[in-house]
Amino acid sequence: KIEECEAQQEKIEDKKVNKTVPIGSKVFDESSESEESIDYIKLGKRLDDIIALLDESAVYGTYQKYENPMFHLEEAYQMASSIDDKKGEAALLLIMGDVSLKGEKTKKALDFFHKSLNFFQRIGDKRGESISRLLMGTAYFLLGDVNEGSEYLRQSMDIIHGLDDSVLEKAALELLNSIYD
């Protein structure tokens, strides 16, 4: 499946993606004049499904349903930090990145994903690290940095294969397919 995605990546590398695309907007491929669109709502749902695979997300994921989720997530992050809950902090950073990405704040989302990766690496949580890398790859791709995005996606899939986690692998492949479609 990775080979299929890499083959699709080669096709995509020839396309020029300049910026994050708002819902319903189009990016024009200069070489063929065809159109591509990125559905942030559909993508956000896939990210939600992946983040939900972290045990810690069950506690904090409900904050996304509030009217101002970032306020509640930041408050929860401060509490997790005050009790030295590194896994909770890392999960909250992923969720804050997810909320940012759904709000089409891709660079901000990438910053949250990068911080979560640092936490997961420090505590040796390979599952969290793979999810962080997967979401970073997605964000880089949306920002038009296909090479960097592909590298993070590849690293994520390598870790996932090492974990032998079929549920996470399926969710990751579904995300990859939606990115490369």
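Here, every reference points to the structure presented above.
Criteria and thresholds
- Residues numbered from 1 in each chain as written.
- Predicted model: local features only at pLDDT ≥ 70, side-chain atom pairs only at ≥ 80, totals over all residues.
- Heavy atoms only, no water.
- Helix = DSSP H or I, 4+ residues; strand = E, 2+ residues; numbered from the N terminus.
- Buried < 20%, exposed > 50% of the residue type's maximum accessible area, 1.4 Å probe, protein only.
- Areas by Shrake-Rupley, 256 points an atom, 1.4 Å probe, with all protein chains shown as cover.
- Phe/Tyr/Trp six-rings, centres within 6.5 Å; stacked < 30°, edge-to-face > 60°.
- Lys NZ or Arg CZ within 6 Å of the ring centre and 35° of its normal.
- Axes fitted to C-alpha atoms, helices over the stretch in contact; angles between N-to-C directions.
- Parallel < 35°, antiparallel > 145°, perpendicular 65-115°, else oblique.
- Left-handed = near helix turned anticlockwise from the far one by under 90°.
- Contact = heavy atoms within 4.5 Å.
- Expected span 1.5 Å × (residues − 1).
- Arc of directions from axis to C-beta.

Asks: How should the overall build of the protein be read in this particular structure?
Replies: Across its full length, the protein holds nine helices and two strands. Helices and strands in the protein line up, N terminus first, as α-β-β-α-α-α-α-α-α-α-α. When each of the 181 residues of the protein is scored for burial, the buried share is 47%. Surface summary for the protein: the accessible area is close to 9400 Å², and the carbon and sulfur share equals 48%.

Asks: Where do I start with the packing of aromatic side chains in this structure?
Replies: In total, this model carries one aromatic pair according to the counting rule given. Taken together, a centroid distance of 5.5 Å and an interplanar angle of 15° make the contact between Y140 and Y152 stacked. Taken together, the residues Y140 in helix α7 (residues 126-142) and Y152 in helix α8 (residues 146-163) connect sequence positions twelve residues apart. Both residues of the pair, Y140 and Y152, belong to the buried class. Looking at R122, its charged tip hangs above the ring of F119, at a distance of 4.6 Å from the centre.

Asks: Sorry, what's going on with the packing of helix α5 (residues 86-102) against helix α6 (residues 106-123) here?
Replies: What describes two packed helices is the angle between their axes and the distance between those same axes. Viewed as axis vectors pointing N to C, α5 and α6 meet at an angle of 160°, and their least axial separation amounts to 8 Å. In terms of their interaxial angle, α5 and α6 are classed as roughly antiparallel. The crossing of α5 and α6 is left-handed. Contacts between α5 and α6 pair K86, K87, E89, A90, A91, L93, L94, M96, G97, D98, S100 and L101 from the former with T106, K108, A109, F112, F113, K115, S116, F119, F120 and I123 from the latter.

Asks: Would you take a moment to explain unusual backbone geometry for this structure?
Replies: Glycine aside, negative phi is the norm for most residues, and most peptide bonds take the trans geometry. Although it is not a glycine, D84 adopts a positive phi angle of roughly 60°. For E104, which is not a glycine, the phi torsion comes out positive at approximately 60°. Take E104: it is sitting in the loop between α5 and α6.

Asks: Hey, could you run me through the environment of S57 in this one?
Replies: As for its placement among the helices and strands, S57 is situated in helix α3 (residues 57-60). For the pair S57 and G88, spaced 31 residues apart in sequence, the C-alpha separation works out to 7.9 Å. Sequence-distant contacts of S57, that is, excluding residues within four places in its chain, are made with I51, A52, A91 and I95.

Asks: Is there a simple way to think about the environment of R154 in this case?
Replies: Relative to the helices and strands, R154 resides in helix α8. Its relative accessible area of 26% is what places R154 among the partly exposed residues. Residues R154 and S130, spaced 24 residues apart in sequence, show a C-alpha to C-alpha distance of 9.8 Å.

Asks: What should I look at first to understand helix α4 (residues 69-82) in this one?
Replies: One full turn of an α-helix is made of 3.6 residues, so residues set three or four places apart face in the same direction. Counted at 1.5 Å a residue, the expected span for α4 with its 14 residues is 20 Å, and the 20 Å between its end C-alpha atoms agrees. Of all the residues in α4, the buried ones are P69, M70, L73, A76, Y77 and A80. Viewed end-on, α4 has its buried residues packed into an arc of 125°, placing them on one side of the element. In α4, the exposed positions that point more than 90 degrees away from the buried face belong to Q78 and S82. With its phi angle positive at about 60°, D84 sits one or two positions after the end of α4.

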